[in-house]
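# Overview (structure and organization)
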Amino acid sequence: RRSAHGEGDSNNSTHENDGTIATMNEAIQRAQDPNVTIEFIQEVGITESSILRAPNQEELQQYFNALLAEPCSLSVPNGVVALLKLTVRYFCSNVAGSQECFCYLKSVARHGDSLCMAIARGYEERAVSDIVQAAGNAATKISARSMISSSGVIPVLKELALCASTSTNRSNVSDNDISMHADSLTSAHVEFLQTCLAAGHYRYAAAFADKNPVYSVKPDRHAISVEQYLRYFYLLGMIYCGCGDRWADAVKSFNICITAPSQLVSAITLAAYKKCMFASLLHDNKKIKLPESTSAAVSRFISSTSDFGLKEYHKLVDAFVSDDVTKYSEFMTSQSELLTSDGNFGLAQQVLDEFQPKMVRKLAHVYEIISLSKLASKLNLSGGEREAERLIMRMISKNGLSASIDQLEGNVAFYTGNGMDEITEDAALELSSRTAQCIELARRMKELDIALSTTAKYQSKIMKQSETKASGSNLASSGDERSSVAVGGGDAEILEGGGAAV
């Protein structure tokens, strides 16, 4: 009996497995239909099947063979989007393997044109957003950075971000509204930064963010959640930290996370605050100050909570500010587990390495000329004059220290000023870039002013304001002093309403 039942169960299992594979085959065949939709593919009956939850190796092999075949038989953008959407739930989970995630990234990269076309034509944009999020999550599951780069998905995500933010195929969007949404945040922006961060392409991502800044967020157009908004600026701050010389920009990005309006404290906000503490020290050696626009909930949490490791982080910052390198080093070692779990041990180590440059800058305010031996003694450098010379050379080349070394005399001469008497080519390019950003911001403010001033609500307010002023002037001419006070109160109410509308 056991043998008979076992044989029967085996046959049933094989039949069920064959049925699943047949379902995958049917889904692939339907994806080649010119009129295919996501709903049409899901009519195959796979909504609750293992394909969505955890496809087996045979299913995945068929799936990727169809997407990555040479030549590819999938030429319909709708079908490609529908087929990539089929396994979104699986690749957004934590069960997909590294090689499977790599194949999915290759599939997204292979069919980037179809995804861009789907966005440009204005259909299935939500499905493309889900695919992009699955790709970003898959990138974090790949162990080797080189695999992410070789998949070719990074430039495709960049193009999707540009395509999604500038897509204008919306019947209910006016011409003025289109120009105002050209730099809106999309899910492709978020996952592009996530993928670049996982692959270590910090400067590539930073250059894109500098050239294509995000000025607006429109959840009704791009299905952006609060979590994605926080993730974008949190990841952008990490990208700037990875560059090694963009600490000021990192602090700005983290501050956007910290100052996001909220009634509860997000885990992303807390993580951004922790990283911002170290980034601020590396930027100007100063303790972070919460911006005035920080919500009351976040301010109370940070100032009164000692949980989540905040107390230990504050101790590290205080040790750095007080120039106590021994205390900082010992405390960093004792809290290495906390720093590692938060992903901040590398930043803490960079802050530790900043102690010596910080002391050199302080000595530069005291001495005009100091011997290398004396400098090494004051900095407690075990390598003596040779290590002190390497430190000064590194600070001159990377940190902009204005100094020179006399190797014959063994002295270091510090100069007043910041070494920027002559504008370098890089500084000129940076100034030009900043000027262009200011011009672009002025243009957008002008468009915003025009867009608001032409709305019916604003015109109605202006009409009421004119009527109120007219009646107020008539009352004032009759000697009623209280009327002028009433008119002033009316103006304040109108201004307050306009502010709320903006």
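To be clear, the structure that these remarks concern was listed above.
A brief structural summary. Just so we're clear, the structure is a prediction, and the values are computed from it rather than from any experiment. (Residues numbered from 1 in each chain as written. Predicted model: local features only at pLDDT ≥ 70, side-chain atom pairs only at ≥ 80, totals over all residues. Heavy atoms only, no water.)

## A word on the overall build of the protein chain
Scanning the protein chain from N- to C-terminus turns up 29 helices and 3 strands. By residue count, 41% of the 502 residues in the protein chain fall in the buried class. Of the contacts made within the protein chain by residues no fewer than 6 positions apart, 70% connect residues no fewer than 24 positions apart. As displayed, the protein chain offers around 27000 Å² of accessible surface, 52% of which is attributable to carbon and sulfur atoms. (Helix = DSSP H or I, 4+ residues; strand = E, 2+ residues; numbered from the N terminus. Buried < 20%, exposed > 50% of the residue type's maximum accessible area, 1.4 Å probe, protein only. Contact = heavy atoms within 4.5 Å. Areas by Shrake-Rupley, 256 points an atom, 1.4 Å probe, with all protein chains shown as cover.)

## Some points on the packing of aromatic side chains
A complete count under the given rule lists 13 aromatic pairs for this structure. Summarising the aromatic geometry, the rings of Tyr63 and Phe64 are spaced 5.3 Å apart at their centres and angled 70 degrees between planes, so their arrangement reads as edge-to-face. We note that Tyr63, like Phe64, is buried. Relative to Tyr104, the ring of Phe91 has its centre 4.3 Å away and its plane inclined at 25 degrees; by these criteria the two rings are stacked. Taken together, the residues span a long stretch of sequence, with Phe91 in helix 6 (residues 88-91) and Tyr104 in helix 7 (residues 98-110) at a distance of 13 residues. Tyr104 matches Phe91 in its accessibility class, with the two residues each being buried. Through pairs of rings, three or more aromatic residues link up here, namely Tyr63, Phe64, Tyr90, Phe91 and Tyr104. Here Lys358 stacks its cationic end above the ring of Phe320, 4.2 Å away from the centre of that ring. (Phe/Tyr/Trp six-rings, centres within 6.5 Å; stacked < 30°, edge-to-face > 60°. Lys NZ or Arg CZ within 6 Å of the ring centre and 35° of its normal.)

## With respect to a positive patch on the surface
Taken together, the side chains of Arg386, Arg390, Arg394 and Lys398 define a basic patch exposed on the protein surface. Tracing the sequence through the fold places Arg390 in helix 26 (residues 384-398). (Patch = residues over 30% accessible without salt bridge, like charges linked within 9 Å, V, L, I, M, F, W, Y side chains within 5 Å. Salt bridge = Lys/Arg side-chain N within 4 Å of Asp/Glu carboxyl O. Lys, Arg positive; Asp, Glu negative; His and termini not counted. Charge placed at Lys NZ, Arg CZ, Asp CG, Glu CD.)

## Brief notes about helix 18 (residues 267-284)
Residues separated by three or four positions in an α-helix point in the same direction, a consequence of the helix having 3.6 residues per turn. In this model, helix 18 (18 residues) spans 26 Å end to end at C-alpha, consistent with the 26 Å of a helix rising 1.5 Å per residue. In terms of burial, helix 18 is largely enclosed, as 14 of its 18 residues are buried. Its side-chain oxygen at 3.1 Å from the backbone nitrogen of Ile268, Ser266 defines the N-terminal cap of helix 18. Positive backbone phi, at 60 degrees, marks Asn285, one or two positions downstream of helix 18. (Expected span 1.5 Å × (residues − 1). Polar contact = N/O pair within 3.5 Å; in protein donor to acceptor, adjacent residues only side chain to side chain.)

## Quick notes on the sheet that holds strand 1 (residues 369-371)
Note: strands within a sheet are paired through backbone hydrogen bonds, in either parallel or antiparallel orientation. Pairing in this open sheet of 3 strands is antiparallel, and the strands run 1-3-2 from one edge to the other. Single-partner strands in this sheet number two, and they are strand 1 and strand 2 (403-406). Averaged over all pairs of adjacent strands, the angle between strand axes in this sheet comes to 20 degrees, irrespective of strand direction. Strand direction decides the pairing type here: strand 1 and strand 3 (residues 411-414), joined by 3 bridges, are antiparallel. Opposite Ser371, over in strand 3, you have Asn411 as the bridge partner. Packed on one face of the sheet, helix 26 meets strand 2 and strand 3 and runs near 145 degrees to strand 2. (Pairing = 2+ DSSP bridges. Axes fitted to C-alpha atoms, helices over the stretch in contact; angles between N-to-C directions.)

## A look at the side chain of Ser114
Assignment of secondary structure puts Ser114 in helix 8 (residues 112-120). Judged by relative accessible area, Ser114 falls into the buried class, the value being 13%.

## A short note on the pairing of strand 3
Here strand 2 pairs with strand 3 via 4 bridges, running antiparallel. Bridged to Asp406 within strand 3 is Asn411.

## Quick look at the nonpolar core
Counting residues in each nonpolar core, the largest one holds 108 residues, and the members touching the most others are Tyr63, Leu84, Tyr104, Leu160, Tyr232, Phe278 and Tyr328. Apart from residues no more than four positions distant in its own chain, Tyr104 is found in contact with Tyr63, Phe64, Leu84, Thr87, Val88, Phe91, Ile131, Ala134 and Ala135. The next biggest cluster of nonpolar side chains, apart from the first, holds 16 residues, and it includes Leu379, Leu401, Ala403 and Phe414. (Core = buried A, V, L, I, M, F, W, Y, C linked by side-chain atoms within 4.5 Å.)

## Here we look at the pattern of salt bridges
Enumeration according to the criterion identifies 14 salt bridges in this entry. With its nearest N and O atoms 3.9 Å apart, the salt bridge here joins Asp130 to Lys85. With a gap of 45 residues between them, Asp130 in helix 9 (residues 125-140) and Lys85 in helix 5 (residues 77-85) connect regions that are remote in the sequence. Here Asp130 falls in the buried class, since its relative accessible area comes to 16%. Here Glu440 makes a salt bridge to Arg443, at a shortest N to O gap of 2.4 Å. Of this pair, Glu440 and Arg443 are both found in helix 27 (residues 425-453), 3 residues apart, which corresponds to roughly one turn of the helix.

## A word on a nonpolar patch on the surface
Together, Tyr215, Leu441 and Met445 make up a nonpolar patch on the protein surface, roughly 280 Å² of accessible area in all. By the secondary structure assignment, Leu441 is in helix 27. On the basis of relative accessibility, which here comes to 43%, the residue Leu441 falls in the partly exposed class.

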